[in-house]
Amino acid sequence: MKSVKQLKLSVPAQQTPITSFLTASGTFQEGDLLLNHKGLRLVSQPKDNESPVSDAKDIDITLEDLETVKVIGKGSGGVVQLVRHKWVGNLFALKVIQMNIQEEFRKQIVQELKINQGSQCPHIVVCHHSFYHNGAISLVLEYMDRGSLADVIKQVKTILEPYLANVCKQVLQGLVYLHHERHVIHRDIKPSNLLVNHKGEVKITDFGVSAMLASSMGQRDTFVGTYNYMSPERISGKTYDYSSDIWSLGLVILECAIGHFPYLQSEDQQSWPSFYELLGTIVESPPPSAPPDQFSPEFCSFISSCIQKDPRDRLSSLELLSHPFIKKFEDKDVNLGVLFGSLEPPVSLAR
Ligand code: ATP
Ligand code: MG
């Protein structure tokens, strides 16, 4: 830890807060007062028993200021760790993407990620900082303490309609922001990219990352990750637009309702179709739908407004926000915080 000068560290390690310090990035904190190149601010300290999650807009972060708590996830691009800011105590998720590409491109990616950091939507995971360091891109992300929807359905198997309507509404608010304000297609909506926390918040993550990696490698449509949630028009290499995210959303929500990936008969179906069989089925066969004997007409209609083979037949994110399925539970007291708060935080996530 080269340039970190601690001004006072006389309190025992378990006693927070450390009252004053100076970080490598030149941020000085004394109690609730924080001084950095942006000026002097008042920041709130976490209360006792409250996990100091990453509401840290005022903190300048360098990698040296972060210490690893544990590994919380692994994706095709790299590892995600839970990290703690050494001096302030805030928790973040640090996603490190190893990249085997030219330095010029890496720098360009970090530059673009910095632009994306300006997200102003409560349903998009905040990317606080991005660094290019030792041949890898590191993203300091808002920590979502109940993991992803994939982790949730592993524990609860299925999510009931009132909760699902609330999940859907939050994801749609994120999609409306991406589609109608930022004018971008997410391209990788899937359970592991929809993150949740104990407060019942649902947020979209990995916005722009896969698209940027592909485009910077000169292969705009090269895709790393799962094809399971990819729309038929994308699989067949046709042009696609925002509505390909709506297809993916429909599949994710149907999966949460029935408890298994909709193209499989059941969770314990013995053999998965091969990669090519699955892609063939998505392109050739009629799309999956919600069984009307098990779900409300509003839910069945919502699913079929998303999972349509012809992209023109799908509703937009804005239209779906006022769909009867979303409206039905809006004034009911549905508390996702109780559902997510009761779950175990995901532990080891190696795949
Ligand atoms: P792929 O890389 O194939 O797209 P993925 O989305 O699972 O798959 P990552 O984006 O690297 O891969 O994420 C891995 C896991 O880390 C996620 O499934 C999630 O459980 C966890 N994770 C990612 N970001 C965060 C975060 N901000 N807060 C908490 N957990 C996170
Ligand atoms: Mg992801």
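Residues numbered from 1 in each chain as written. Chains lettered and ligands numbered in written order. Predicted model: local features only at pLDDT ≥ 70, side-chain atom pairs only at ≥ 80, totals over all residues. Heavy atoms only, no water.

Some details on the UniProt feature "binding site: ATP" (unreviewed entry) in the protein
Part 1: According to UniProt, the feature "binding site: ATP" (unreviewed entry) maps to Lys95 in the numbering used here.
Part 2: With respect to the secondary-structure elements, lysine 95 resides in strand β7 (residues 91-98).
Part 3: Given the relative accessible area of 17%, lysine 95 is considered buried.
Part 4: Setting aside residues no more than four positions away along its own chain, lysine 95 makes contact with Val79, Val80, Ile137, Ser138, Leu139, Leu141 and Asp206. (UniProt positions renumbered as here; feature names shortened; annotations may be inferred. Helix = DSSP H or I, 4+ residues; strand = E, 2+ residues; numbered from the N terminus. Buried < 20%, exposed > 50% of the residue type's maximum accessible area, 1.4 Å probe, protein only. Contact = heavy atoms within 4.5 Å.)

Let's talk about the pairing of strand β5 (residues 66-74)
Part 1: The sheet contact formed by β5 and strand β6 (residues 78-85) spans seven bridges and is antiparallel. By the bridge assignment, leucine 66 is partnered in β6 with histidine 85.
Part 2: The turn linking β5 back onto β6 is made up of three residues. (Pairing = 2+ DSSP bridges.)

Section: the environment of asparagine 134
Part 1: Tracing the sequence through the fold places asparagine 134 in the loop between β8 (127-133) and β9 (136-142).
Part 2: Distance from asparagine 134 to glutamine 98, taken between C-alpha atoms, is 9.1 Å for residues 36 residues apart in sequence.

Remarks on the site of ligand 1
Part 1: Near ligand 1 there are 22 residues, and of these Ser76, Lys95, Glu142, Lys190 and Ser192 occur at the shortest range.
Part 2: Between ligand 1 and lysine 95 there is a distance of 2.6 Å, counted from an oxygen atom to a side-chain nitrogen or oxygen.
Part 3: One of the backbone N or O atoms of glutamate 142 is found 2.8 Å from a nitrogen atom in ligand 1.
Part 4: The fraction of the free accessible surface of ligand 1 (610 Å²) that becomes covered by protein chains is 92%.
Part 5: Every element with two or more residues in the shell around ligand 1 is listed here: β5, β7 and β9. (Near = heavy atom within 4 Å. Polar contact = N/O pair within 3.5 Å; in protein donor to acceptor, adjacent residues only side chain to side chain. Areas by Shrake-Rupley, 256 points an atom, 1.4 Å probe, with all protein chains shown as cover.)

Comments concerning the coordination of the magnesium ion (ligand 2)
Part 1: Those donors, Asn193 (OD1) and Asp206 (OD), are the protein atoms that reach the magnesium ion (ligand 2), and they lie 2.1 to 2.2 Å from it. Taken together, the residues span a long stretch of sequence, with asparagine 193 in the loop between α3 (161-181) and β10 (194-196) and aspartate 206 in the loop between β11 (202-204) and α4 (209-216) at a distance of 13 residues. (Donors = N, O, S within 2.8 Å, 3.2 Å for Na, K, Ca; no water.)

Structural notes on the packing of aromatic side chains
Part 1: Using the criterion set out here, one finds eight aromatic pairs in the structure.
Part 2: When the ring of phenylalanine 275 is compared with that of tyrosine 276, the centres are 5.0 Å apart and the planes differ by 80°; the resulting orientation is edge-to-face.
Part 3: Residue class for phenylalanine 275 comes out partly exposed when judged on its relative accessible area of 42%.
Part 4: Taken together, the ring pairs in this structure connect Phe295, Phe299, Phe302, Phe325 and Phe329 into an aromatic cluster. (Phe/Tyr/Trp six-rings, centres within 6.5 Å; stacked < 30°, edge-to-face > 60°.)

Digging into the pattern of salt bridges
Part 1: With the rule as written, the count across this model stands at 12 salt bridges.
Part 2: In this structure, aspartate 206 engages lysine 95 in a salt bridge whose closest nitrogen and oxygen atoms are separated by 2.9 Å. Taken together, the positions of aspartate 206 in the loop between β11 and α4 and lysine 95 in strand β7 put the pair 111 residues apart, joining distant regions of the chain. In terms of burial, aspartate 206 and lysine 95 fall into one category: buried.
Part 3: Salt-bridge contacts for lysine 190 lead to aspartate 188; the nearest nitrogen and oxygen are separated by 3.5 Å.
Part 4: Classification of aspartate 188 as buried rests on a relative accessible area of 7%.
Part 5: One continuous salt-bridge network, built from bridges that share partners, spans Lys169, Lys327 and Glu330. (Salt bridge = Lys/Arg side-chain N within 4 Å of Asp/Glu carboxyl O.)

Considering the sheet that holds β8
Part 1: Spatially, five strands are ordered β5-β6-β7-β9-β8 in an open sheet, and the strand pairing comes out antiparallel. In the strand order of this sheet, the two ends are held by β5 and β8, each with one partner. Put simply, the sheet's adjacent strands are angled 25° from each other on average, direction ignored. (Axes fitted to C-alpha atoms, helices over the stretch in contact; angles between N-to-C directions.)

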